[in-house]
Structure formats: structure tokens, C-alpha cells
Amino acid sequence: MADEGHDGFREGYRGTGPGAITPDGCAVDMYARLPVNDEPEVIAGAVPAGASLLELGCGAGRLTRPLVDLGFRVTAVDESAEMLARVHGTRTVRSPIERLDLGERFDVVLLASFLVHAGSLDVRRGLLDACRRHVAEDGWVLIQREGEDWQTNVPRERPLGTDGLVRVASATPVAEGVNRVHVEYEFPDARWTQTFLSRPMGRAEFEQALAEAGLAVDAYLTGDRVWVRARPVAA
């Protein structure tokens, strides 16, 4: 992603709250609290059992742990040493996703957490190129994208686990096609905020971005088209 500024955050990205904060505003302690929803089941239902899986942007391992428990051979990648310190029981690699080049191919490459909506087009291209670079020719790329109204249905909030609350407080245009999104996380004992740049994409734009990276949609895995299975396309 973009180079860090003098305050350690990338331009347009901020985070507040207790504990370590990554350059893109993610609070490590907060991410370690996030509950696991149905994502592991969606992933397991879309790809072969026991597949080798490259998880790009694993964070504190919210999905890593259940994927390992389901029998996947996971390589977990994140640029934050503090995040990776929370990931146990599998291979980890510290690297920005865009610069990753392991010289390996995997049955499955996973790009979750709406990372494909990076505000920078260069970053988005880099993320998708990393997916294409690491997926086997007969493998799959699984991508989690935003819901169609994710940045227009604001403000909104929902429960987070048993005692938390997440609030998408605003999504403010700051450049053509780019919003600055501000999210608040509240728990009885702590509060965090994260501000980041995000580029909304409709279905056509999303599929065009995949095509530019040598990928094509194979199936939308959920009714809201948030989870997508893509395949590599021969050059």
C-alpha cells in the first residue's frame, strides 16, 4: 500500500484505542476479539477439502484458526508483526500483500475483509495480481467484497459478539470514486475507531478489475454476492 506518513499511518488511514495500531488503522487487540461468523463454512463449501490455502491479510487469525481446524494447509500473510504474533499453529509470512512473491502456487488464495475495495487503484491491482501470482492454474481465488449498499446505508450499527457494537458512522467522498469510511467499535471495557479509504464497486466494475488481473468470476457464493469464487484465466 501507500508509504507510511510521519505518524506511522498511511495517508487517509487512522486508528485510535488501546494497544498496537497497524499502519492502516487496525487495532490488534480489537481484531483479536472479533467473532467468527459463517465465513469458514462458506470457504470450506466452495473449495476441495484439505486444500493448500494462502490467506492474504490474515490479521490476528480470526479465520486462520478455524480454517486450520477444518483441515486446510494454511499459509497466513500479514504485514503487521503484532497481528502475526496472534496467529499460531500454521505457517506465517510477514509481507505487504502487493509485494508478496513466495514462488509457490496454492490450491486456494483467500482475499477477505473487503481488502479488494482499497481506495488506491494501484493497491487494488497489486492485491489482485498477488492473488493471480500465487494461485494454481486449476485453483480458486476466494474474495470477500462489500454488500451493494455498504457505503450508502450509513450510519448503521450491529452487535459484535456477545458484548460489543460496531458502528459504521460515515462514508464521506474524498476523491472520485473514493470514500473515507469511519468505523467505531465499542466494548464494555474499551473503544476503538478506524478510518480508511475505500472504493465502492458495483458488479461490473468488480468483474472488470478481476479480468485485468487475469481472473474471472466462477460463482457468487452467497445470495448477497459478498463472497465470490474466481478462477485464473489463461494468458
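Shown above is the structure to which this text applies.
Residues numbered from 1 in each chain as written. Predicted model: local features only at pLDDT ≥ 70, side-chain atom pairs only at ≥ 80, totals over all residues. Heavy atoms only, no water.

Let's talk about the sheet that holds strand E11 (residues 215-220)
What counts is decided by this rule: Only strands joined by at least two bridges in the DSSP assignment are considered to pair. Every helix listed is a DSSP run of H or I at least four residues long, and every strand listed is a run of E at least two residues long, numbered separately from the N terminus. Axes, fitted as lines to C-alpha atoms, cover a helix only where it is in contact. Angles between the N-to-C directions of the axes lie from 0 to 180 degrees. Here, two residues are considered to be in contact whenever any of their heavy atoms come within 4.5 Å of each other.
Spatial strand order, E4-E3-E2-E5-E6-E12-E11: seven strands in an open sheet with mixed pairing. Either end of the sheet is taken by a strand with one partner, and the two such strands are strand E4 (91-94) and E11. Sheet twist, expressed as the average angle between the axes of neighbouring strands with direction ignored, equals 25°. As defined by bridge partners, strand E5 (residues 106-111) adjoins strand E6 (residues 135-144) across five bridges and the pair is classed as parallel. What sits directly across from Phe106, in E6, is Val135. Seen against the sheet, helix H5 (residues 121-134) touches strand E2 (52-56), E5, E6, E11 and strand E12 (227-232) and runs at an angle of roughly 145° to E6. Set on the sheet, helix H6 (residues 203-212) makes contact with E6, E11 and E12; between it and E11 the angle comes to about 135°.

Some points on unusual backbone geometry
To keep it simple, the criterion reads: Any residue under 20% of the maximum accessible area for its type is buried, any over 50% is exposed, and the rest in between are partly exposed; the area is computed with a 1.4 Å probe on protein chains only.
With an omega dihedral of -5°, the bond running from Val154 to Pro155 counts as a cis peptide bond. Residue placement: Pro155 occurs in the loop between E6 and strand E7 (156-160). Not every positive phi belongs to a glycine, and Phe114 is a case in point at roughly 60°. Mapped onto the elements, Phe114 comes out in the loop between E5 and H5. Phi at Arg225 is positive, roughly 60°, even though this residue is not glycine. Among the secondary structure elements, Arg225 is positioned in the loop between E11 and E12. Overall, Arg225 belongs to the partly exposed group, its relative accessible area being 28%.

Comments concerning the side chain of Gln144
Basically, it comes down to this: What qualifies as a polar contact is a pair of N or O atoms within 3.5 Å, subject to a donor-acceptor requirement within protein and to the restriction that residues adjacent in sequence count only when both atoms come from side chains.
Secondary-structure assignment places Gln144 in strand E6. Separated by 2.7 Å, the side chain of Gln144 and the backbone nitrogen of Ser113 make a polar contact. Discounting chain neighbours no more than four positions away, the residues touching Gln144 are Glu39, Leu111, Ala112, Ser113, Phe114, Val116, Val226 and Trp227.

Remarks on the sheet that holds strand E8 (residues 164-175)
Spatial strand order, E1-E10-E9-E8-E7: five strands in an open sheet with antiparallel pairing. Strand pairing shows two members of the sheet lacking a second neighbour, strand E1 (14-16) and E7, which therefore form its edges. Sheet twist, expressed as the average angle between the axes of neighbouring strands with direction ignored, equals 15°. Bridging between E8 and strand E9 (residues 178-187) involves nine bridges; their strand directions are antiparallel. Its bridge partner being in E9, Leu165 is matched across the sheet by Glu186.

As for the pattern of salt bridges
Put simply, the rule is: Between Lys or Arg on one side and Asp or Glu on the other, a salt bridge is scored when a side-chain nitrogen of the former is within 4 Å of a carboxyl oxygen of the latter.
One pass over the structure, following the stated rule, counts 20 salt bridges. In this structure, Glu79 and Arg10 form a salt bridge, with 1.9 Å as the shortest nitrogen-oxygen distance. Here Arg10 lies in the segment before E1 and Glu79 lies in the loop between strand E3 (73-78) and helix H4 (81-84), a separation of 69 residues in the sequence. A residue is classified by how much of its surface remains accessible, and Glu79, at 27% relative accessible area, is partly exposed. According to the relative accessible area criterion, Arg10 is buried, its value standing at 3%.

Quick notes on the environment of Val135
For Val135, the position within the fold is in strand E6. Sequence separation between Val135 and Arg105 is 30 residues; the distance between their C-alpha atoms is 5.0 Å. Discounting residues that sit within four places of it in the chain, Val135 has contacts with Arg105, Phe106, Asp107, Val109, Trp140, Val141 and Pro232.

Observations concerning the packing of H5 against H6
Packed helices, taken two at a time, are described by the angle their axes make and the gap between the axes. Cut-off, in case you're wondering: An angle below 35 degrees is treated as roughly parallel, one above 145 as roughly antiparallel, one from 65 to 115 as roughly perpendicular, and anything else as oblique. We call a crossing left-handed when the near helix sits turned anticlockwise from the far one by less than a right angle, and right-handed when that turn is clockwise.
In the contact formed by H5 and H6, the axes pass within 9 Å of each other and the chain directions differ by 60°. Regarding the angle of H5 to H6, the classification is oblique. Between H5 and H6 lies a crossing of right-handed hand. Residue-level inspection shows Arg124, Arg125 and Leu128 of H5 in contact with H6, the latter providing Glu205, Ala209, Leu210 and Glu212.

As for the side chain of Ser80
Here Ser80 is to be found in the loop between E3 and H4. A distance of 3.2 Å separates the side chain of Ser80 from the side chain of Glu82, its partner in a polar contact. Setting aside residues up to four positions removed in sequence, Ser80 forms contacts with Thr22 and Arg94.

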